[in-house]
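Chain and residue survey
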Amino acid sequence: MKVNKDAIVLVHGGPVSSPEDASFVLNRTRNWHGFYGASSMERLPTEQAPTEQARKFKAVTF
C-alpha cells in the first residue's frame, strides 16, 4: 500500500461537536494535522456565542 505524504489528515465531523470532543480525539490518535470545524463552530453552539466556541477550539492543545 502506498502512502501519500502530501495528504493532509484532519479530524472532523460525527461526534466531534465540542472543543472537549476534539481534544479527546486529538490526544488519543496520531498522524493527523489538526481539526476542521464546520457546524460544530457555527450551528451547534446555539447557547454560546460562536466566537467563544471558536476560541475554545483554538485553545485545544495536542
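Structural notes, computed from the coordinates. Given the structure is predicted, the values throughout are model-derived calculations rather than measurements.

Quick word on helix α1 (residues 19-28)
Among all positions of α1, only Pro19, Ala22 and Leu26 are buried. Burial along α1 is one-sided: seen end-on, the buried residues are contained in an arc of 60°. Seen from the buried face of α1, the exposed residues on the opposite side, beyond 90 degrees, are Glu20 and Arg28. Where α1 is buried, its residues touch β1 (10-11), β2 (34-35) and α3 (50-58).

Concerning the packing of aromatic side chains
By the definition in use, this model includes two aromatic pairs. Summarising the aromatic geometry, the rings of Trp32 and Phe62 are spaced 4.5 Å apart at their centres and angled 80° between planes, so their arrangement reads as edge-to-face. With a gap of 30 residues between them, Trp32 in the loop between α1 and β2 and Phe62 in the segment after α3 connect regions that are remote in the sequence. Given a relative accessible area of 16%, Trp32 falls into the buried group. A residue is classified by how much of its surface remains accessible, and Phe62, at 56% relative accessible area, is exposed.

Observations regarding the environment of Val60
When you line up the elements, Val60 lands in the segment after α3. Look at Val60 and you get buried, because its relative accessible area is 15%. Separated by 37 residues in the primary sequence, Val60 and Ser23 have C-alpha atoms spaced 5.9 Å apart. Excluding its chain neighbours within four sequence positions, the residues that come into contact with Val60 are Pro19, Ser23 and Leu26.

Scoring rules and cut-offs
- Residues numbered from 1 in each chain as written.
- Predicted model: local features only at pLDDT ≥ 70, side-chain atom pairs only at ≥ 80, totals over all residues.
- Heavy atoms only, no water.
- Buried < 20%, exposed > 50% of the residue type's maximum accessible area, 1.4 Å probe, protein only.
- Helix = DSSP H or I, 4+ residues; strand = E, 2+ residues; numbered from the N terminus.
- Arc of directions from axis to C-beta.
- Contact = heavy atoms within 4.5 Å.
- Phe/Tyr/Trp six-rings, centres within 6.5 Å; stacked < 30°, edge-to-face > 60°.

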